[in-house]
2 protein chains.
Amino acid sequence: MTYKPPNRAPGGAPPAGPAALRRANLSLVLRELRDHRSLSRAHIAEATGLHRATVSNLMADLLERRLVREVGVEHVGAVGRPRRAVALHGAHVGALGMEINVDYIAVHGTDLSGRVLVERRVVYDAMGSGPDRAVRRLGLVAKEAVEAMRRAGASPAGIVVAVPGLVDVARGVVTLAPNLYWHDLPLADQLSSLLGPLRVPVRVDNDANLAALAEYTSGVAAGTPYLVYLTGEVGVGGGIILGGELLRGADGFSGEVGHLQVDPNGAQCGCGRIGCWETKVGLAALVRAAMPEQAYGLPGMPVPDPGERVADLARGLASGDRRMTTAVAQVGEWLGLGGSILANLFNPRVIVIGGYFASLAQWLLPHAQDQLQRLVVAAPAARCRFVASTLGFGAASRGAASMVVSDIIDDPTTIMDSPPRPAPY
Amino acid sequence: MTYKPPNRAPGGAPPAGPAALRRANLSLVLRELRDHRSLSRAHIAEATGLHRATVSNLMADLLERRLVREVGVEHVGAVGRPRRAVALHGAHVGALGMEINVDYIAVHGTDLSGRVLVERRVVYDAMGSGPDRAVRRLGLVAKEAVEAMRRAGASPAGIVVAVPGLVDVARGVVTLAPNLYWHDLPLADQLSSLLGPLRVPVRVDNDANLAALAEYTSGVAAGTPYLVYLTGEVGVGGGIILGGELLRGADGFSGEVGHLQVDPNGAQCGCGRIGCWETKVGLAALVRAAMPEQAYGLPGMPVPDPGERVADLARGLASGDRRMTTAVAQVGEWLGLGGSILANLFNPRVIVIGGYFASLAQWLLPHAQDQLQRLVVAAPAARCRFVASTLGFGAASRGAASMVVSDIIDDPTTIMDSPPRPAPY
């Protein structure tokens, strides 16, 4: 059982037909509540433009299904009768986010209101295991998480899995995840059959997209409507938030920053192309520049223990190691150059950097920011700055969980399975 | 009198307050009519989710103001009474688009339904004239166009002026137009005072943004929701359509493609930076590569008669001139490289090329498309192709006129100045 993202019509075209309209109205009400903690029915009617009778009817439905709850009384002004307020509830509705990356599997499970129920990181050599074993392991970790969430009273309404690579979101297929050696892997289907009797729908998405979503909902630049997220690992990924929405593009392949060609005379990349941005700012490039005795991550060479390499670098930089300082300055400049391409094209307010970029931010950022200022055409009018993520390695799984929540709010009928009562919408 | 773009809330948040709600509902109705030629009130109610009484009330208002008109009868099925259909009208409401560029001023005036009333291109050396004289000339051309449109029965509700440079859209200020030598020019205010008694509000926008809009509404790839437009002139500009909407970014400075750094060891650009894309694919770069005896457009050097240079090139290429063929192949590859950056980041379905790129498309495109396929990470899954624009030099002014129309449809109350009657929305 894979699950389809709800249809969001571009340009906000109105829904057609009564069922779609009711779905849209339920969603409108839940979205108001998510954005405002608690509101009276009258406030919701005013904010959404729906009739009060419609709001009351929708609310009865949502209350009955425990997606909202009464939270006492709202007094407006000195006169007038007190109005009962409602808030998002859904403590029984779970949202499970997962991430599989080169050397770990991460889990982040919440209820509908965002309360964290499960959080876990499992060290796992996904790169060395091949897809079959990795998917089986992912299935085991998912099963445990679902069971833990059910024990905590929340049954997951969906699972979103973050993967470092190109994902065909509609089909749940990993088209290409070079650092995992995955190719055309129907991950959603495979994981669904492994979870069989648990019957939780599964969806797959790009890790940087999901981390961008986490940054937008709960990170250091939360709520910044034009935001680019970059993750520095062995590979370099990007997720783009524009007007508060994740950019997907025509096929779901937007934000592919790692293989932008930035140097036509540069080195060969693992992907076979020349001068990709990843060859300048990926972790392997930094490790080799800082510790030239290592063949770390050259095309065909392994990238063992990336976490330890980052810790080595941080120690060396803190002690003022000359070679490392030079290397990090160089990588910082290339980070700024790539950032300037993003800033010239997207005009974001903030570029949030995650992964190892965040761990070494104090050394990378001054160089990156300088270069950004130099190369952005509209600077200083376009005030764009780099900021280090504070979400750590859990960003993608956290974003994955928040995507399940968003999907439920976009179409609450997915978890409201009995037929809706006739209603005057 | 400058005019503000209507507020479009990101994420489609519902409007607040009864006036805003009525505005939004009027807009909803007009948008349906624009997209469907003619519809009955019942159809509009169904498509928008508005009550029939509300639609009838809104429609009475729109009919009274001649923004819509009755267009006969719509029969639905064999049974049921015939329903009267309405269509967008507004023959008395004009939309004036203008463009000022290095060597011409263009005018495109329509009525609300898109019927062309004025179209004109004036050869003018804006580059050599300096901002004061250029703005005065623009004012004269605008005045003539407004008068011609009024004679044709349509009074312009707004003017949008396309400028090749960075525009602060909210303030109507041209922040920087390097090829016109303009800098912090309050064009909207200046043009408004020149038009004084005509009292037509003026707005300014980037030429490539407006041309992208024209491509989306009426070009060779019309209706393609993920579309990038590139214009090749002395400078190179870009406009980005995502999900059917023009991308503006946090400050309105998105799509600045001309000064993306594509070659860290490249030549110096007119902007002072190194290896900008413009130094590889701008018209001056092609002219110098094809005719090395020319110092055409080197930093500080003039770029006389760009149109004639393009005609020379087309003639030479048609006759198989070896040097020109080599030069255009080179420029085509760089065009493909820049296109791959755009495709990797935005994942558009189409990159429409305008300006001289379109004039020489048959020679440029094969090289550009090859390079694009090589460098796009998600190819062939991300099916992106270059297409030559067919709109010619009028693209930006045409897009400017369609932006005036969009603005009216987004907020019809701007041209409905008497107070709205009380209504049950």
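Note that this is a predicted model, so its numbers are computed, not measured.

Cut-offs and rules
Residues numbered from 1 in each chain as written. Chains lettered and ligands numbered in written order. Predicted model: local features only at pLDDT ≥ 70, side-chain atom pairs only at ≥ 80, totals over all residues. Heavy atoms only, no water. Helix = DSSP H or I, 4+ residues; strand = E, 2+ residues; numbered from the N terminus. Buried < 20%, exposed > 50% of the residue type's maximum accessible area, 1.4 Å probe, protein only. Contact = heavy atoms within 4.5 Å. Polar contact = N/O pair within 3.5 Å; in protein donor to acceptor, adjacent residues only side chain to side chain. Pairing = 2+ DSSP bridges. Buried area = accessible area lost by both parts, 1.4 Å probe. Salt bridge = Lys/Arg side-chain N within 4 Å of Asp/Glu carboxyl O. Nonpolar A, V, L, I, M, F, W, Y, C, P; charged D, E, K, R; others polar. UniProt positions renumbered as here; feature names shortened; annotations may be inferred. Domains from an automatic or database assignment.

A word on the overall build of chain A
Item 1. From N to C terminus, chain A includes 13 helices and 16 strands.
Item 2. Summarising its shape, the C-alpha atoms of chain A cover approximately 75 × 50 × 40 Å along the three principal directions.
Item 3. In chain A, buried positions account for 57% of the 425 residues.
Item 4. When contacts within chain A are restricted to residue pairs at least 6 apart in sequence, long-range pairs at least 24 apart make up 64% of them.

Let's talk about the environment of A:Ser113
Residues and elements named next belong to chain A.
Item 1. As for its placement among the helices and strands, Ser-113 is situated in the loop between strand E5 (104-111) and strand E6 (116-123).
Item 2. The exposure class assigned to Ser-113 is partly exposed, which follows from its relative accessible area of 44%.
Item 3. Sequence spacing of Ser-113 and Leu-67 is 46 residues, and the spatial spacing of their C-alpha atoms is 9.3 Å.
Item 4. A polar side-chain atom of Ser-113 sits 2.9 Å from a polar atom in the side chain of Asp-111.

Let's talk about the pairing of strand E7 (residues 155-163) of chain A
All names here are of chain A.
Item 1. Within E7, seven of the nine residues are buried, which leaves it mostly tucked inside the rest of the structure.
Item 2. One ladder, built from six bridges, connects strand E4 (residues 93-101) with E7; its direction is parallel. When the sheet's bridge partners are listed, Gly-97 is paired in E7 with Val-160.

Quick word on the pairing of strand E9 (residues 173-177) of chain B
All names here are of chain B.
Item 1. Burial runs high along E9: four of the five residues are buried.
Item 2. Looking at chain direction, strand E8 (residues 166-168) and E9 are connected through three bridges and run antiparallel. Across the sheet, residue Leu-166 finds its bridge partner in E9, namely Leu-176.
Item 3. Count of turn residues in the E8/E9 antiparallel hairpin: four residues, of which Gly-172 carries a positive phi of about 70°.
Item 4. Looking at chain direction, E9 and strand E10 (residues 182-185) are connected through three bridges and run antiparallel.

Thoughts on the interface of chain B and chain A
Item 1. Between chain B and chain A, the residue contacts involve 53 residues of the former and 54 residues of the latter.
Item 2. Both sides of the chain B and chain A interface together cover about 4,500 Å² of buried area, and 61% of this is carbon and sulfur.
Item 3. The three residues of chain B that bury the most area against chain A are B:Gln261, B:Leu345 and B:Val377, which together make up 15% of that side's buried surface.
Item 4. At the boundary of chain B with chain A, the tally comes to two salt bridges.
Item 5. The partner of B:Arg349 in a salt bridge is A:Asp251, and the shortest N-O contact between them spans 3.0 Å.
Item 6. Linking chain B with chain A are 21 residue pairs in polar contact (both at pLDDT 80 or more), by the criterion used here.
Item 7. Of all the secondary-structure elements, those providing two or more residues to the side of chain B that touches chain A are helix H1 (18-36), helix H2 (41-48), helix H10 (322-346) and helix H12 (361-375) of chain B.
Item 8. Among the elements that make up the side of chain B that touches chain A, the one with the highest residue count is H10(B) (seven residues).
Item 9. Of the residues belonging to the side of chain B that touches chain A, the class tally is 28 nonpolar, 14 polar and 11 charged.

With respect to the UniProt feature "domain: HTH cro/C1-type" (unreviewed entry) in chain A
Item 1. Under the UniProt annotation, "domain: HTH cro/C1-type" (unreviewed entry) lies at residues 30-58 of chain A.
Item 2. Strand forms 10% of residues 30-58 of chain A and helix 76%; the C-alpha atoms that close the span are 10 Å apart.

Details of the domain arrangement of chain A
All names here are of chain A.
Item 1. The domain boundaries assigned to chain A delineate domain 1 (10-91), domain 2 (93-210 + 396-409) and domain 3 (222-390).
Item 2. Here the C-alpha centroids of domain 2 and domain 3 sit 25 Å apart.
Item 3. Domain 2 puts 14 residues into the contact, and the matching count from domain 3 is 14 residues.
Item 4. Between domain 2 and domain 3 the total buried area reaches about 1,100 Å² when both faces are included, carbon and sulfur atoms providing 54% of it.
Item 5. Contact with domain 3 buries area across many residues of domain 2, yet Leu-166, Ala-208 and Asn-209 alone supply 43% of it, more than any other trio.
Item 6. One can count one salt bridge joining domain 2 with domain 3.
Item 7. Taken together, the links from domain 2 to domain 3 amount to one residue pair in polar contact (both at pLDDT 80 or more).
Item 8. Mapped onto the side of domain 2 that touches domain 3, the elements with two or more residues apiece are strand E8 (166-168), strand E11 (202-206) and helix H6 (207-218).
Item 9. Among the residues forming the side of domain 2 that touches domain 3, the class breakdown is six nonpolar, four polar and four charged.

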